[in-house]
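# Structural overview for review
Below, each chain spelled out in residue letters.
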Amino acid sequence: PFFFLYFNLYHRSLPSLHRRLSSDLSSGINAEYGDTILVTNLPPSANRNKFIQLFGYAGWICDVEIFRDSSSAIITFQDGHAAQQVLDDSYRKQFFMDTHWLQIEEYLSGSESEEENSTIFVGNIPEDTTSLDVKKTFAGFGKIEDIEIRQAQKNRNFHFAFVEYATVGSALAAVRASETRDFYVNGIRVKVEMKD
């Protein structure tokens, strides 16, 4: 019953749904939960319903995970066609939510490529910085697996940290956010980039 109600609410007819699922299966696309996009520059009022209204035209949205601290969200679609449709459309037009222009890109999870780096380098941190201080600044981009603080060998006053995220997408989101705004740890502006 919920399945039919959902598609009726979003103006989807059963014949078009049948054609879409048949097309996915015939082309070898896995129709299970999967493909995701990363959306940044969210307004404070962003919520699940607004994402469904904005992106529901492309396909079934399985999950919306919003990170308020970083003004970003991870949107999970049921199939790859839906996620790709939104990505393709974002190159041709702009998506807005409450006057905020949304930036949309593919979300890369660590499980998609275990060899990809999910760790960021955070430089120029104060000497008395703790792992908790670093976590407060970067936790908004996703689950943090580990934080390692080190002291530079040549310059004892220079400290840095490696922040390992659970997914590659979280690390990329943190680095990309640093390109448009400054990050501070204990009041000091820090440098953020992917770990070599």
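Cut-off values and rules
Residues numbered from 1 in each chain as written. Predicted model: local features only at pLDDT ≥ 70, side-chain atom pairs only at ≥ 80, totals over all residues. Heavy atoms only, no water. Pairing = 2+ DSSP bridges. Helix = DSSP H or I, 4+ residues; strand = E, 2+ residues; numbered from the N terminus. Axes fitted to C-alpha atoms, helices over the stretch in contact; angles between N-to-C directions. Contact = heavy atoms within 4.5 Å. Buried < 20%, exposed > 50% of the residue type's maximum accessible area, 1.4 Å probe, protein only.

This brings us to the sheet that holds strand β5 (residues 100-106). Strand pairing in a sheet is mediated by backbone hydrogen bonds. Such pairs are either parallel or antiparallel. One open sheet accounts for five strands, arranged β2-β3-β1-β5-β4; its pairing is antiparallel. Of all strands in the sheet, those bounded by a partner on one side alone are β2 (61-67) and β4 (95-97). Strand-to-strand twist of the sheet, defined as the mean angle between neighbouring strand axes without regard to direction, takes the value 30°. In this sheet, strand β3 (residues 72-77) lies alongside β2 in antiparallel orientation, the contact comprising six bridges. Bridge assignment links phenylalanine 67 to a residue of β3, and that residue is serine 72. Along the sheet face, helix α3 (residues 48-55) touches β1 (36-40), β2, β3, β4 and β5 and points at about 130° away from the line of β2.

Moving on, we come to the side chain of serine 72. By the secondary structure assignment, serine 72 is in strand β3. Residue classification places serine 72 among the buried residues on the basis of a relative accessible area of 1%. Beyond its immediate stretch of four places on either side in the chain, serine 72 contacts Leu38, Val39, Thr40, Leu42, Glu65, Ile66, Phe67 and Gly140.

So, on to the sheet that holds strand β7 (residues 144-151). Reading across from one edge, β7-β8-β6-β10-β9 is the order of the five strands in this open sheet, with antiparallel pairing throughout. Only two strands of the sheet have a single neighbouring strand rather than two, namely β7 and β9 (183-185). On average, each strand axis in the sheet is inclined to that of its neighbour by 30°, with strand direction left out of account. As paired strands, β7 and strand β8 (residues 159-165) are joined by seven bridges and run antiparallel to one another. Across the sheet, isoleucine 144 pairs through a bridge with tyrosine 165, a residue of β8. Of the strands in this sheet, β6 (119-125), β8, β9 and β10 (188-194) are in contact with helix α6 (residues 168-178), which crosses β10 at around 130°.

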